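Chain residues, written in single-letter form:
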Amino acid sequence: SNGKLPNSALRGKFKQPKTYQVFVNRPFTKQHIQQLRDGIVITTVAQRDNKKAEPLTAKTRSCEVIQIDTYGVQMTLVEGRNRQIRKMMEALDLRVEELHRMHFMGLNLHPLERPGDWVHLDAKEMNVVKNVLCHANDGESDDDDDDGNLL
């Protein structure tokens, strides 16, 4: 891989949503859920353009959070800072017990259970991948409509 797909999906203006299931050591409160939705100040190390890595302290972007049980939430992030979910939970005095990525770029990752697992993509899923790659080539392509869909 030349890195074009992950770089275009994870960085820049075409960042793709990532959905996770997160289970923690203590029950979530309504306040925890709202704080996660609104964004939480965390510190991560950011490295840009081959420059020296520097700490970045900033509020996370707002995200979709759905409580799935007393100890679990489903979170959808567009941002993707290093260890972001774990650091968000730590800021709420919660410890992540389990963390599973469920969807990425609109693709369902549920059938993948272990590192190295793979599945064939259907036509709709391949179209998602092609759209992301298309946007990686200077952001636009003559092969897509105004909504970014491949023609």
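Provided above is the structure to which this section pertains.
Below: a short report on this structure. (Residues numbered from 1 in each chain as written. Predicted model: local features only at pLDDT ≥ 70, side-chain atom pairs only at ≥ 80, totals over all residues. Heavy atoms only, no water.)

## What about the overall build of the chain?
Thought 1: Of regular secondary structure, the chain possesses four helices and seven strands.
Thought 2: A burial count over the chain gives 32% of its 151 residues as buried.
Thought 3: Across the chain, contacts joining residues at least 24 apart in sequence account for 58% of those joining residues at least 6 apart.
Thought 4: Split by element, the accessible area of the chain, about 10,200 Å² in all, is 47% carbon and sulfur. (Helix = DSSP H or I, 4+ residues; strand = E, 2+ residues; numbered from the N terminus. Buried < 20%, exposed > 50% of the residue type's maximum accessible area, 1.4 Å probe, protein only. Contact = heavy atoms within 4.5 Å. Areas by Shrake-Rupley, 256 points an atom, 1.4 Å probe, with all protein chains shown as cover.)

## Let's talk about the packing of aromatic side chains
Ring pairs (aromatic) are described by centroid distance and by the angle formed between their planes.
Thought 1: In total, this model carries zero aromatic pairs according to the counting rule given.
Thought 2: Across from the ring centre of Phe-104, 5.4 Å away, lies the NZ or CZ of Arg-101, which sits over that ring. (Phe/Tyr/Trp six-rings, centres within 6.5 Å; stacked < 30°, edge-to-face > 60°. Lys NZ or Arg CZ within 6 Å of the ring centre and 35° of its normal.)

## Side note on the nonpolar core
Note on soluble globular proteins: their nonpolar side chains tend to be buried together.
Thought 1: Counting residues in each nonpolar core, the largest one holds 19 residues, and the members touching the most others are Val-22, Phe-28, Leu-36, Val-73, Met-75 and Met-89.
Thought 2: Listing elements by their share of this core, those giving two or more residues are β1 (18-24), α2 (30-38), β5 (72-77) and α3 (84-91).
Thought 3: Counting residues in hydrophobic clusters, the runner-up holds five residues, among them Phe-104, Met-105, Val-129 and Val-132. (Core = buried A, V, L, I, M, F, W, Y, C linked by side-chain atoms within 4.5 Å.)

Structural measurements only, silent on function.
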